[in-house]
Amino acid sequence: MTKLSVNINKIATLRNARGGNVPDLLKVAADIQKFGAQGITIHPRPDERHIRYQDARDLKAIVHTEYNIEGNPQHNFIDLVLECKPTQVTLVPDAIGAITSSAGWDTIKNQEYLTEVIQEFQRNGIRTSIFVDPVLEIIEGAKKTGTDRIELYTEAFAHQYDLGNKNGIDPYVKAAELANELGLGINAGHDLSLDNIQFFKQNIPGLLEVSIGHALIAEALYLGLDNVVNMYLNKLK
Ligand SMILES: CC(=O)[C@@H](O)[C@H](O)COP(=O)(O)O
Ligand SMILES: NCC(=O)COP(=O)(O)O
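Residues numbered from 1 in each chain as written. Chains lettered and ligands numbered in written order. Predicted model: local features only at pLDDT ≥ 70, side-chain atom pairs only at ≥ 80, totals over all residues. Heavy atoms only, no water.

Quick word on the site of ligand 1
Part 1 of the reasoning: Taken together, the neighbourhood of ligand 1 is formed by Asn-7, Asn-9, Lys-10, His-43, Arg-45, His-50, Glu-70, Val-92, Thr-100, Ser-101, Phe-131 and His-190.
Part 2 of the reasoning: Within the side chain of Glu-70, one N or O atom sits 2.4 Å away from an oxygen atom of ligand 1.
Part 3 of the reasoning: Between Thr-100 and ligand 1, the recorded distance is 2.5 Å, taken from a side-chain N or O atom to an oxygen atom.
Part 4 of the reasoning: Here ligand 1 has 360 Å² of accessible area as a free molecule, and 90% of this is covered by the chains.
Part 5 of the reasoning: Within the shell around ligand 1, the residues separate by chemical class into two nonpolar, seven polar and three charged. (Near = heavy atom within 4 Å. Polar contact = N/O pair within 3.5 Å; in protein donor to acceptor, adjacent residues only side chain to side chain. Areas by Shrake-Rupley, 256 points an atom, 1.4 Å probe, with all protein chains shown as cover. Nonpolar A, V, L, I, M, F, W, Y, C, P; charged D, E, K, R; others polar.)

Overview of a nonpolar patch on the surface
Part 1 of the reasoning: Residues Leu-221, Tyr-222 and Leu-223 make up a contiguous nonpolar surface patch of roughly 420 Å² in combined accessible area.
Part 2 of the reasoning: By the secondary structure assignment, Leu-223 is in helix 10 (residues 214-223).
Part 3 of the reasoning: Take Leu-223: its relative accessible area is 36%, and that puts it in the partly exposed class. (Patch = residues over 30% accessible without salt bridge, like charges linked within 9 Å, V, L, I, M, F, W, Y side chains within 5 Å. Salt bridge = Lys/Arg side-chain N within 4 Å of Asp/Glu carboxyl O. Helix = DSSP H or I, 4+ residues; strand = E, 2+ residues; numbered from the N terminus. Buried < 20%, exposed > 50% of the residue type's maximum accessible area, 1.4 Å probe, protein only.)

Considerations on the UniProt feature "site: Transition state stabilizer" (unreviewed entry) in the protein
Part 1 of the reasoning: Sites flagged by UniProt as "site: Transition state stabilizer" (unreviewed entry) map to Glu-151.
Part 2 of the reasoning: Structurally, Glu-151 is set in strand 6 (residues 149-153). (UniProt positions renumbered as here; feature names shortened; annotations may be inferred.)

What about helix 2 (residues 25-34)?
Part 1 of the reasoning: The complete set of buried residues in helix 2 reads Leu-25, Val-28, Ala-29, Asp-31, Ile-32 and Gln-33.
Part 2 of the reasoning: Buried positions along helix 2 lie against strand 1 (3-7), helix 1 (9-16), strand 2 (39-42), helix 3 (53-59) and helix 11 (225-235).
Part 3 of the reasoning: For helix 2, the side-chain oxygen to backbone nitrogen distance between the N-cap and Leu-26 is 3.0 Å, and the N-cap itself is Asp-24.
Part 4 of the reasoning: Gly-36 occupies a position one or two residues after helix 2 and carries a positive phi of about 125 degrees. (Contact = heavy atoms within 4.5 Å.)

Right under this line is the structure:
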């Protein structure tokens, strides 16, 4: 089974548009879990344009499924994660001011740094995952950092799938096979949607978890949040 972790960044974006508390991020997180999602993901960015650091703290009391916090492990972020003690931290090499995540780690160049922060999180009982492109040397580098899992950056797959090119899955299959061989857990995310999720799931051996936000929230505008969460769950069986 592949777990669905719903990324609620876009709920915070909507709330922040008016400065009040509509929609109520904590209530939405609670409801998403009630609808059946097996996890909640947030990606607080340094400018707090959607998820605020305080949201991460407040969600601790609400998330009783898997709590996944994503971000670039700068000092403030590391302190926040150690305070919140989520189930999992996903390390993403975001550039300051980037619209969204746009690349995976170079696990070879950043090996020492990643190893150090991963050890710190693991010492505190937090599972680690690192965001990577589906490149074999990068997966081997990830293994050397001691991370528990990798998160495959799926933007390229989603883009190719949209264009009708199903071969876009090939590097992900090879990356997953190697990760399985090396004993790394496999997560995936970015631009996954109701259109492409089933094909991705069916082709990736050992896919443990997907985190999905942007498309899922957009789809929920038409289909409703409860319904859309369950549509994903059916496709991930
Ligand atoms: C790592 C990843 O792919 C997602 O967390 C994505 O970056 C969502 O972040 P935004 O909602 O800020 O685009
Ligand atoms: N880790 C990926 C994530 O949390 C959601 O990415 P997206 O579905 O908003 O592109």
